[in-house]
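Structural overview
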Amino acid sequence: MDHAADAHRTDLMTITRYVLNEQSKYPESRGDFTILLNHIVLGCKFLCSAVNKAGLAKLIGLAGETNVQGEEQKKLDVLSNEVFIKALVSSGRTCILVSEEDEEATFVEPSKRGRYCVVFDPLDGSSNIDCGVSIGTIFGIYMVKDSHEPTLDDVLQPGKHMLAAGYCMYGSSCTLVLSTGEGVHGFTLDPSLGEFILTHPDIKIPKKGKIYSVNEGNAKNWDGPTAKYVEKCKFPKDGSSSKSLRYIGSMVADVHRTLLYGGIFLYPADKKSPNGKLRVLYEVFPMSFLMEQAGGQAFTGKQRALDLVPTKIHERSPIFLGSYDDVEEIKALYAAEGKKE
């Protein structure tokens, strides 16, 4: 990249401009979706700032304690949830919100109701805040088809019905990756402008990668196909070089790396967690949507991840996602296992 030339770039594609350009392709659109995305972006900017101050806040006694006014300072994951709920409700474009932090879905009051359902994990990997590891927000958007009274069935839809999905990663820079069903684009927050600028247009995942990402500490509880696949990554029989292991333990960071560099991210079912650990609606679906849009695949061990029909809002599922050829290999191992049974 020519950073010197970049410094003098004057034609900046901001995320707002990008979304408005997309909207102009649909003459019938009323701008509701654009307004909703703007509110999500605002939530991400707020969180980016809050995450950056988290260590300092602890140092000066702000997190989870009472300040001089007698107000209790909120932990970051609670704060992030409130910020997103308020941003989404105030957009006037949502009817149902499902958050990782809330046991029940939030139904927006009729006066502020719109036609979109948003599923989100406001701060994924929040246990990593204290050690400075990248964390992020994950979201997916569905549309309610007709103007009936919204019910949970409106969000308990397969991931293939999502209109858009994305994540915002709070790391060495603040990066927002978004797909509205027309490819995947990455935006980076320019702190001096307070704007997300398009820095990674049309992200395509390599067809095959050199990295595998899994928590090997769970190896003793894995099923046959997962164990065989990881063994193959480490000790390939075909004379190819072995894959590198990279595992951060923060889904947003691990998936972001997989998207850019290729490879595979695995969170399989095991004896301890027979249904896997990651939640379908706001972790598995949005990340699978992005992977497919970037030319990769996502598989649950039984089926294409986006075909899964959830029955509960916090349902879990195993997930294998990443480069097309790498996921094909794990699919073949599960198919072979199925034939044996």
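For the structure, check the block above.
Residues numbered from 1 in each chain as written. Predicted model: local features only at pLDDT ≥ 70, side-chain atom pairs only at ≥ 80, totals over all residues. Heavy atoms only, no water.

Right, let's get into the sheet that holds strand E11 (residues 264-267). Read across the sheet, five strands follow the order E10-E9-E11-E15-E13 without closing on themselves; strand pairing throughout is mixed. The open sheet has two edge strands, strand E10 (244-245) and strand E13 (297-299), and neither has a second partner. Sheet topology places E11 next to strand E15 (residues 319-322); four bridges connect them, and they run antiparallel. In the sheet register, Phe265 faces E15, and the bridge partner there is Leu321. Contacts between helix H7 (residues 251-261) and the sheet are confined to strand E9 (211-213), E11 and E15, with E11 contributing the most and set at about 150° to the helix. Against the sheet, helix H8 (residues 280-293) engages E13 and E15, with an angle of about 30° to E15. (Pairing = 2+ DSSP bridges. Helix = DSSP H or I, 4+ residues; strand = E, 2+ residues; numbered from the N terminus. Contact = heavy atoms within 4.5 Å. Axes fitted to C-alpha atoms, helices over the stretch in contact; angles between N-to-C directions.)

The subject of this paragraph is the nonpolar core. In terms of nonpolar packing, the biggest core is built from 44 residues, with Leu281, Phe285, Met287 and Ile319 touching the most fellow members. Of all elements in the fold, only strand E1 (94-99), strand E3 (113-124), strand E4 (135-143), strand E5 (164-170), H7, E11, H8 and E15 reach the threshold of two or more residues within this core. Here the element with the most residues in this core is H8; it accounts for nine residues. No fewer than three residues from each of domain 1 (15-200) and domain 2 (211-338) sit in this core. If we ignore the near neighbours within four places in the chain, the residues touching Phe285 are Tyr142, Gln157, Pro158, Gly159, Met162, Val280, Ala305, Leu306, Leu308 and Pro310. (Core = buried A, V, L, I, M, F, W, Y, C linked by side-chain atoms within 4.5 Å. Buried < 20%, exposed > 50% of the residue type's maximum accessible area, 1.4 Å probe, protein only. Domains from an automatic or database assignment.)

Attention now moves to the side chain of Ser80. Mapped onto the secondary structure, Ser80 falls in helix H5 (residues 76-90). In this structure, Ser80 is in contact with Leu47, Pro122 and Leu123, ignoring residues within four places of it in sequence.

Further remarks concern the sheet that holds strand E2 (residues 106-107). Read across the open sheet, the eight strands follow the order E2-E1-E3-E4-E5-E6-E7-E8; overall the sheet is mixed. Strand pairing shows two members of the sheet lacking a second neighbour, E2 and strand E8 (195-200), which therefore form its edges. The pairing of E1 with E2 spans two bridges and is antiparallel. Counterpart to Leu97 in the pairing with E2 is Thr106.

Moving on: the side chain of Asp326. Along the chain, Asp326 falls in helix H9 (residues 324-340). Take Asp326: its relative accessible area is 0%, and that puts it in the buried class. Looking at Asp326, its side chain comes within polar contact range of the side chain of Lys243, at 3.1 Å. (Polar contact = N/O pair within 3.5 Å; in protein donor to acceptor, adjacent residues only side chain to side chain.)

A few words on the packing of helix H3 (residues 32-52) against H5. Geometrically, a packed helix pair is captured by the angle between its two axes and the distance between the axes. Orientation of H3 relative to H5, taken along the N-to-C sense of each, is 160°, at an axis distance of 9 Å. Considering the angle they form, H3 stands roughly antiparallel to H5. Handedness of the H3/H5 crossing: right-handed. Contacts between H3 and H5 involve Leu36, His39, Ile40, Gly43, Cys44, Phe46, Leu47, Ala50 and Val51 from the first element and Leu76, Leu79, Ser80, Val83, Phe84, Ala87, Leu88 and Ser90 from the second. Residue composition of the contact of H3 with H5, grouped by class: 13 nonpolar, four polar and no charged. (Parallel < 35°, antiparallel > 145°, perpendicular 65-115°, else oblique. Left-handed = near helix turned anticlockwise from the far one by under 90°. Nonpolar A, V, L, I, M, F, W, Y, C, P; charged D, E, K, R; others polar.)

Our focus in this paragraph is the environment of Phe320. Summarising the element assignment, Phe320 is placed in strand E15. When the C-alpha atoms of Phe320 and Lys228 are compared, they prove to be 14 Å apart, with 92 residues separating the residues in sequence. Non-local contacts of Phe320, meaning those with residues more than four positions away in its chain, are made with Thr226, Phe265, Leu266, Pro268, Gln297, Ala298, Phe299, Thr300, Gly301, Val327, Ile330 and Tyr334.

For the rest of this paragraph, the subject is the environment of Phe107. Assignment of secondary structure puts Phe107 in strand E2. A relative accessible area of 40% places Phe107 in the partly exposed class. With 48 residues separating them along the chain, Phe107 and Val155 place their C-alpha atoms 11 Å apart. Once residues lying within four places of it in the same chain are set aside, the contact partners of Phe107 are Cys95, Ile96, Pro150, Thr151 and Leu152.

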